[in-house]
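Each chain, letter by letter, is given below.
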Amino acid sequence: MHPMLNTAVKAARKAGNVINRASRDLDQIKVETKRRNDFVTEVDRAAETAIIEVLREAYPNHAILAEESGASKGSQGEFVWIIDPLDGTTNFIHGMPHYCVSIALQHKGVMQQGVIYDPVKNELFTATRGGGAYLNDKRIRVSARDKIADALIGTGFPFRDNSFLERYLAMFKAMTMNCTGIRRPGAAALDLAYVAAGRFDAFWEIGLAPWDIAAGSLLVLEAGGLIGDLEGDGKYMESGEVAAGSPKIFAQMLGVLANAGAATRPA
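The paragraphs below set out a description of the structure included in this document.

Cut-offs and rules
Residues numbered from 1 in each chain as written. Predicted model: local features only at pLDDT ≥ 70, side-chain atom pairs only at ≥ 80, totals over all residues. Heavy atoms only, no water. Helix = DSSP H or I, 4+ residues; strand = E, 2+ residues; numbered from the N terminus. Buried < 20%, exposed > 50% of the residue type's maximum accessible area, 1.4 Å probe, protein only. Pairing = 2+ DSSP bridges. 1 Å grid on protein atoms, 1.4 Å probe; cavity = no way out; pocket = protein on both sides within 12 Å on 5 of 7 lines; lining within 4 Å. Points joined across faces, edges and corners; volume = space filled by probe spheres on them. Nonpolar A, V, L, I, M, F, W, Y, C, P; charged D, E, K, R; others polar. Contact = heavy atoms within 4.5 Å. Axes fitted to C-alpha atoms, helices over the stretch in contact; angles between N-to-C directions. Core = buried A, V, L, I, M, F, W, Y, C linked by side-chain atoms within 4.5 Å. Salt bridge = Lys/Arg side-chain N within 4 Å of Asp/Glu carboxyl O.

For the rest of this paragraph, the subject is unusual backbone geometry. Even without a glycine there, the phi angle at Asn122 is positive, about 55°. Note that Asn122 resides in the loop between strand E7 (110-118) and strand E8 (123-128). Residue Asn122 is classed as partly exposed on the basis of its relative accessible area, which comes to 40%.

In structure tokens form, the structure reads like this:
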């Protein structure tokens, strides 16, 4: 395992321990509202602190972009760690056992290492650029299905910003009519890991943040999949609009979404 990936795994497992301990006593957890339908708990912050401690000790000069603490200084632009300490906070608060830790390392704008750790199932998804994607040391690949009619597709509702809703609902309707089923588990990073592992044939969402996407994007690519924005371009980290999937389903899904989105896109 690449030493930087090894450090990320160590950090993710440490955060996972913090989350698992807290999950046994959910009633005691203080919850704050960042903005409508967007919550942060002391567990998010404690998990993030645990991750940053591990990364800082190993790589004191690297920059860090983390959901709760924002950007921290370092050799900006060279190495940047992109962290979501607890993706799926709303699930966590409700005791719904579907959430994860996401850690990625970007070098000069290119994703190099990615870790997504599900502490409930003890599932560790890892990827190194050029080295493939793994689930608990076993190589993973995107699904081999080739027809969208047979596809199981993951998504997430745009919960923070209702201005997306009309456009999204048109997409949701079109996808429902074109695939075998849609699931909305509530943790985008984990959904992308599921695409990499072939559990979802594809995934799309709008209104995401960089830390939702970073590690998962590398997992999907290293598992033989494609990821892009809804036009199929590479600007998904900036736009927060993501489509990912096995190559054939990805292309078919983009076609369905383009037709649906065009009808509701603002002029």
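Next comes the rest of the account.
This next bit is on the pairing of E8. Along a regular strand, successive side chains alternate from one face of the sheet to the other. Summarising burial for E8: six of the six residues are buried, a large majority. Both faces of E8 are covered, namely the face carrying Glu123, Phe125 and Ala127 and the face carrying Leu124, Thr126 and Thr128. Two strands pair when backbone bridges link them, and E7 and E8 are joined in this way by six bridges, in the antiparallel orientation. Residue pairing across strands places Ile116 opposite Phe125, the latter belonging to E8. The antiparallel hairpin formed by E7 and E8 contains four residues in its connecting segment, where Asn122 sits at a positive phi of about 55°. Across three bridges, E8 lies against strand E9 (residues 133-135) in antiparallel orientation. Pairing of Thr126 across the sheet is with Tyr134, part of E9.

The computed volume of the second largest pocket comes to approximately 230 Å³. Residue lining of the second largest pocket: 15 residues in total, with Gln106, Gly109, Met111, Tyr236 and Met237 positioned closest to the centre. Every element with two or more residues in the lining of the second largest pocket is listed here: E7, helix H6 (210-222) and helix H7 (236-239). Split by residue class, the lining of the second largest pocket holds nine nonpolar, four polar and two charged.

So, on to the sheet that holds strand E6 (residues 100-107). Overall, mixed pairing links the eight strands, which are arranged E4-E3-E5-E6-E7-E8-E9-E10 in an open sheet. Of all the strands in the sheet, just strand E4 (70-72) and strand E10 (138-139) have a single pairing partner and so form its edges. The strands touched by H6 within the sheet are strand E3 (63-66), strand E5 (79-87), E6, E7, E8, E9 and E10, with E7 carrying the most contacts at an inclination of about 100°.

To continue, consider the environment of Thr90. By secondary structure assignment, the location of Thr90 is in helix H3 (residues 89-93). Measuring from C-alpha to C-alpha, the distance between Thr90 and Ser69 comes to 19 Å, with 21 residues separating the pair along the chain.

Below, the discussion takes up the environment of Trp204. Along the chain, the position of Trp204 falls in strand E13 (residues 202-205). We classify Trp204 as buried; its relative accessible area is 0%.

A few words now on the side chain of Thr126. With respect to the helices, strands and loops of the structure, Thr126 is situated in strand E8. For Thr126, a relative accessible area of 7% puts it in the buried group. Non-local contacts of Thr126, meaning those with residues more than four positions away in its chain, are made with Leu5, Val9, Gly114, Val115, Gly132, Ala133, Tyr134 and Leu219.

Burial runs high along helix H5 (residues 188-196): nine of the nine residues are buried. Phi turns positive one or two residues past the end of H5, at Gly198, with a value near 80°.

What follows covers the pairing of strand E15 (residues 242-245). Going residue by residue along E15, you find Val242 and Ala244 tucked away on one face and Ala243 and Gly245 tucked away on the opposite face as well. Relative to E15, strand E14 (residues 226-228) runs antiparallel, the two being bridged by three bridges. Within E15, the position partnered with Ile227 by the bridge is Ala244.

Turning our eyes to something else, we now look at the nonpolar core. The biggest cluster of nonpolar side chains holds 39 residues, and the ones touching the most others in it are Ile116, Phe125, Leu190, Leu219 and Ile227. Every residue in contact with Ile227, bar those within four places of it in the chain, is listed here: Leu192, Ile213, Ser217, Val220, Leu221, Tyr236, Val242, Ala243, Ala244 and Phe250.

Before going further, it helps to spend a moment on the pattern of salt bridges. For the coordinates displayed, the defined rule picks out eight salt bridges. Residues Lys121 and Asp118 are paired through a salt bridge, measuring 3.1 Å at the closest nitrogen-oxygen approach. Arg199 serves as the salt-bridge partner of Glu123, at 2.8 Å between the closest nitrogen and oxygen. Of this pair, Glu123 sits in strand E8 while Arg199 sits in the loop between H5 and E13; the two residues are 76 residues apart in sequence, bridging distant segments of the chain. The buried category is assigned to Glu123, whose relative accessible area is 13%. On the basis of relative accessible area, Arg199 is assigned to the partly exposed category, the value being 33%.

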